[in-house]
Amino acid sequence: MNNKLIAAGFGGQGMMLLGQLIAYAGMLEGKHVTWLPSYGPEMRGGTANCTVIVSDKPIGAPVVAMPTEIIAMNIPSMLKFTPTLVEKGKLFLNSSMIDREPGRTDIEVMRVPANEIADELGNLKVANIVMLGAYIKKTGILSQNSIKSALEHKLVGKKKELLELDIKAFEKGTTLV
Amino acid sequence: MAEKVLVKGNEALGEAAIRGGCRYYFGYPITPQSELTEYMSRRLPEVGGVFLQAESEVSVVNMLYGASCVGVRVMTSTSSPGFSLMQEGVSYMAGAELPAVFINVVRGGPGLGDIQPAQGDYLQATKGGGHGDYRLIVLGPSTIQEAIELVMLAFDLADKYRTPVEVLADGMIGQMMEPVEFPEMRSLNTLPEKPWSLTGAKGRKPNKITSFDLDPYKLEEMNLRYEATRKRIIANEQRWEERNVKGADILVAAYGTVGRIMKTVMELAKEEGINVGLFRPITLWPFPYERLEELSKKVNTVLTVEMSGGQMLEDVKLAVKDNAATPFYGRMGGVVPTPEEILEQIEKIIKGSESA
Amino acid sequence: MNAKVVMKRPKSLSQTDFTYCPGCHHGIVHRIIAEIIDELGIREKTVIVAPVGCSVFAYTFFEIDGTVASHGRAPAVATGMKRSRPDRIIFTYQGDGDLAAIGTTEIVHAANRGENITVIFINNAVYGMTGGQMAPTTLIGQRTTTTIHGRDPKAAGYPIRICEMLSQLEGPTYIERVAVDTPQHVIKTKKAIKKAFENQINGLGFSLVEVLSTCPTNWGIPPVESIKWLQENMMKFYPLGIYKDRTEERVREGIV
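Residues numbered from 1 in each chain as written. Chains lettered and ligands numbered in written order. Predicted model: local features only at pLDDT ≥ 70, side-chain atom pairs only at ≥ 80, totals over all residues. Heavy atoms only, no water.

Novice: Which residues make up the nonpolar core, and what values do they have?
Specialist: With 140 residues, the main nonpolar core has I346 of chain B together with L208 of chain C as its most contacted residues. The element that contributes the greatest number of residues to this core is helix 6 (residues 144-161) of chain B, accounting for 12 residues. Each of domain 1 (5-236) and domain 2 (241-355) of chain B gives at least three residues to this core. Among residues more than four places away in sequence, those in contact with L208 of chain C are L99, I107, V119, F121, C163, L166, Y174, I175 and E176 of chain C. Grouped together as the second largest cluster of nonpolar side chains are 47 residues, V33, M110, L155 and L163 of chain A included. (Core = buried A, V, L, I, M, F, W, Y, C linked by side-chain atoms within 4.5 Å. Buried < 20%, exposed > 50% of the residue type's maximum accessible area, 1.4 Å probe, protein only. Helix = DSSP H or I, 4+ residues; strand = E, 2+ residues; numbered from the N terminus. Domains from an automatic or database assignment. Contact = heavy atoms within 4.5 Å.)

Novice: Can you lay out the arrangement of the chains for me, pointing to particular residues and giving the numbers?
Specialist: Contact analysis covers 2 pairs of chains in contact, and the most contacts occur between chains B and C. Here chain A and chain C are not in contact; the least distance found between their C-alpha atoms is 28 Å.

Novice: A description of unusual backbone geometry should follow, citing residues and the corresponding values.
Specialist: All names here are of chain B. Put simply, G109 and P110 share a cis peptide bond, and its omega is -5 degrees. Take P110: it is sitting in the loop between strand 5 (100-106) and helix 5 (122-126). Of note, the amide linkage connecting W285 to P286 takes the cis form, showing an omega dihedral of 0 degrees. Take P286: it is sitting in the loop between strand 13 (283-285) and helix 10 (289-296). In the Ramachandran plot, R162 falls in the positive-phi region, its phi being about 50 degrees despite a non-glycine side chain. Along the chain, R162 turns up in the loop between helix 6 and strand 7 (164-170). For R162, a relative accessible area of 23% corresponds to the partly exposed category.

Novice: Run through the sheet that holds strand 4 (residues 74-78) of chain B, naming residues and quoting values.
Specialist: Residues and elements named next belong to chain B. Read from one edge to the other, the open sheet built from 7 strands follows the order 3-2-4-5-7-6-13, with strand pairing classed as mixed. At either end of the open sheet lies a strand with only one pairing partner, and these are strand 3 (50-53) and strand 13. Strand after strand, the sheet turns through a mean of 20 degrees between neighbouring axes, direction not considered. Across 2 bridges, the pairing between strand 2 (residues 24-27) and strand 4 is parallel. In the sheet register, Y25 faces strand 4, and the bridge partner there is M75. (Pairing = 2+ DSSP bridges. Axes fitted to C-alpha atoms, helices over the stretch in contact; angles between N-to-C directions.)

Novice: Describe the sheet that holds strand 12 (residues 276-281) of chain B, and please don't skip the residues or the numbers.
Specialist: All names here are of chain B. Spatially, the 5 strands line up as an open sheet ordered 10-12-11-14-15, and their pairing is mixed. Lying at the two open borders of the sheet, with one neighbouring strand each, are strand 10 (240-243) and strand 15 (328-330). Adjacent strand axes in the sheet meet at a mean angle of 20 degrees when their direction is disregarded. In this sheet, strand 15 lies alongside strand 14 (residues 302-306) in parallel orientation, the contact comprising 3 bridges. Note that in strand 15 the partner of E306 across the bridge is G330. Together, strand 10, strand 11 (250-253), strand 12 and strand 14 form the strand contacts of helix 9 (residues 256-271), whose direction differs from that of strand 12 by roughly 170 degrees.

Novice: Explain the interface of chain C and chain B residue by residue, including any values.
Specialist: The interface is formed by 34 residues belonging to chain C together with 34 residues belonging to chain B. Counting each side, the surface lost to burial between chain C and chain B is near 2,700 Å², with a carbon and sulfur contribution of 58%. Per-residue buried area on chain C facing chain B is highest for E44, D65 and R83 of chain C; these three make up 20% of the total on that side. Between D65 of chain C and R204 of chain B there is a salt bridge; the shortest N-O distance is 2.8 Å. Summed over the shared surface of chain C and chain B, the number is 19 residue pairs in polar contact (both at pLDDT 80 or more). Going through the elements one at a time, helix 2 (58-61), strand 2 (65-68), helix 3 (74-84) and helix 5 (104-113) of chain C are the ones with two or more residues in the side of chain C that touches chain B. (Buried area = accessible area lost by both parts, 1.4 Å probe. Salt bridge = Lys/Arg side-chain N within 4 Å of Asp/Glu carboxyl O. Polar contact = N/O pair within 3.5 Å; in protein donor to acceptor, adjacent residues only side chain to side chain.)

Novice: How would you explain the pattern of salt bridges if you had to name every residue and give the values?
Specialist: A full pass over the atoms with the stated rule returns 45 salt bridges over all chains. Between R113 of chain C and E115 of chain C there is a salt bridge, and its shortest N-O distance comes to 2.6 Å. With relative accessibility at 3%, the residue E115 of chain C sits in the buried group. Salt bridges here are not isolated pairs; linked through shared partners, they connect R73, D156, D159, R186 and K194 of chain B.

Novice: Break down the packing of helix 3 (residues 57-69) of chain B against helix 4 (residues 80-95) of chain B for me, with residues and values.
Specialist: The geometry of a pair of packed helices is captured by two quantities: the angle between their axes and the separation between those axes. All names here are of chain B. Following both chains from N to C, one finds helix 3 and helix 4 inclined at 30 degrees, their axes separated by 7 Å at the closest point. With respect to helix 4, the axis of helix 3 lies roughly parallel. As for how helix 3 packs across helix 4, the hand of that crossing is right-handed. Counting all contacts with helix 3, which are made through E57, V58, V60, V61, L64, Y65 and S68, the residues of helix 4 involved are G82, L85, M86, G89, V90, Y92 and M93. Looking at the contact of helix 3 with helix 4 residue by residue, the classes come out as 10 nonpolar, 3 polar and 1 charged. (Parallel < 35°, antiparallel > 145°, perpendicular 65-115°, else oblique. Left-handed = near helix turned anticlockwise from the far one by under 90°. Nonpolar A, V, L, I, M, F, W, Y, C, P; charged D, E, K, R; others polar.)

Novice: Provide a residue-level description of the interface of chain B and chain A, including the pertinent values.
Specialist: Between chain B and chain A, the contact holds 26 residues from the first and 20 residues from the second. For the pair chain B and chain A, the summed buried surface comes to about 1,800 Å²; carbon and sulfur atoms form 70% of the total. For the chain B face of the interface with chain A, the top three residues by lost area are L6, Q175 and M177 of chain B, together amounting to 29%. Linking chain B to chain A there are 1 salt bridge. For K57 of chain A, the salt bridge goes to E267 of chain B, with nearest N and O atoms at 4.0 Å. Those elements giving two or more residues to the side of chain B that touches chain A turn out to be strand 1 (5-8), helix 7 (171-175), strand 8 (177-180), helix 9 and helix 12 (339-355) of chain B. The leading source of residues in the side of chain B that touches chain A is helix 9 of chain B, at 5 residues. Across the side of chain B that touches chain A, the residue classes tally to 13 nonpolar, 6 polar and 7 charged.

The structure is reproduced here in structure tokens:
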């Protein structure tokens, strides 16, 4: 396996965390992983994205020109990254915020109403985890248990209160694709 | 071995320093290394160390000068413009033979530039940087795990040769995360004695530390001593990685982040039937000239790839001489080359030499 | 003959000959510092940070460990030393070009942090070592090799009063301006510098003593007249006195 994901959205939509959870879970399963963030002023309110590679082999370049999967949480992210997706690649769209067509027919598109689901669960903040559930279910690159362990590892201190909700959001996400 | 942890490069650099016996950090925030400064502010008090946020990089380097004078392992971290500001002090430290470790998480330049990864500070790092005749030992990590090892090595080399050492990282190494294993914490009892340090003239003659002598003959003597140290370093400390160099169609010279990207390029090239060899200097100073010269005799082309306009290229040319062609491919301004675009360059070169 | 020793070289002063010009006050201040180091019994744990300027050789004049900082940066060097070895006694010795021009950042922030160091600041209103150029402390109308018609504030700004400026900060513990133009003032200076060292020994924080000094060579007047010039001109613009003394307060705060 050599999965190359770009996860993008507005700053605050939790894409950095989503990427770190995948990387951490990958590490737990003994995979080679890298997580590379976009950084700088764009983190403060603009679009933020990270690149995550999960591979059976040591990873050379942590930069990715042509990802195998894309998660787009908003329209600008979809417009920016969709053209870079490999043929037959997987595009995960947050359909709560994206009402446009991605403009490619040679790829597989998953529409996940992440915001609506998160809202139903009672906290919009877990939209990223809903999306993560859909991503893990669809790609099958890592076990759901590894992601849950990653959540337990990441959500410590104050954030611990959110753990139960996050696991619910994750499980819900896995049912959507 | 220890348990694997997923860690951000900047934080790994800081933790490596602490595990290498460093308890003193003076710094000034600058992107893309600020997480390192923040990490040290949290972590050092836990291990009985001292963190101080200074008023400028100029002050930082002079605080390092002071701390090194009194014999402790000390470091700072900064990014390109900040390291430029420190150059005066680095020159003084080189002249005063004061060990310390500088981590430069390089960003795009010149001037204010940007905050994305770059390799435009190679010449500043390897050719002195400040005024006068001196060189720093310069280590160029290409992964976070290697960065951990090199930071720890940097402290040992600094003490061994009484010289400032620079770890030349870049924004990508600073910002990315990958799983690493940390070595055990170095016991402070095992650190080398420093009888030359300024700890107070108790039961001995006063120690004096300076880069200064108005008598040109005496200053020349000091310079000859520095030169002798440099020769020892050149003889003992060259480090590099070579991969797939036997029977390679083309040899690529690259360091740091580009050195790591090259490993993906080599795989892609193999699928295209091209055999790419990699020469990756780890000590950028001392540069492994002799080994590269030897390798260059077996290929037609040594391609240098950098995130700069061609800086290490100058050292590659010094090593390769007329043995092979020395084309260059670089991206600047903080643009990181993708494996695909580097492969395209390699294909062009191979095609060109076939048609010729 | 039964000779009685009434005065001798302090142990903390080295055998190295001074490089100072006749009539210069550096030598007097050096001797005062050496006597104090002897009296406080701290010779074996004291480190001097010398500046760039006429007193660049100061690190060789004392029989203690020492170094030279780059121009103006002595307070940063001293900070690095003191933070790393809090049990050592660290002092900087700086001229007005070093401290009040190129080194303003370092002195302001070391003072503001209340670094537990001692700063001896020699103000002779001129750049000595480079040959008599204007210093930040050069008086209005004073002739130097870069203000040959006298310092004109329209072109060159006004003299800086360091003690007054630093005393506005919360950080410093003790700031005093003294002179060594008369025996009485020498005694006062010794008292001030001793206090500046004692404060450090007691962990009370940042102390700075400014010493108004002559520079007959670069002022272009003989030593005795120089003292008169100092008294009539410098002391008017730079009044002697204590500008800040929080020593008692710091003791109460229990900084020790």
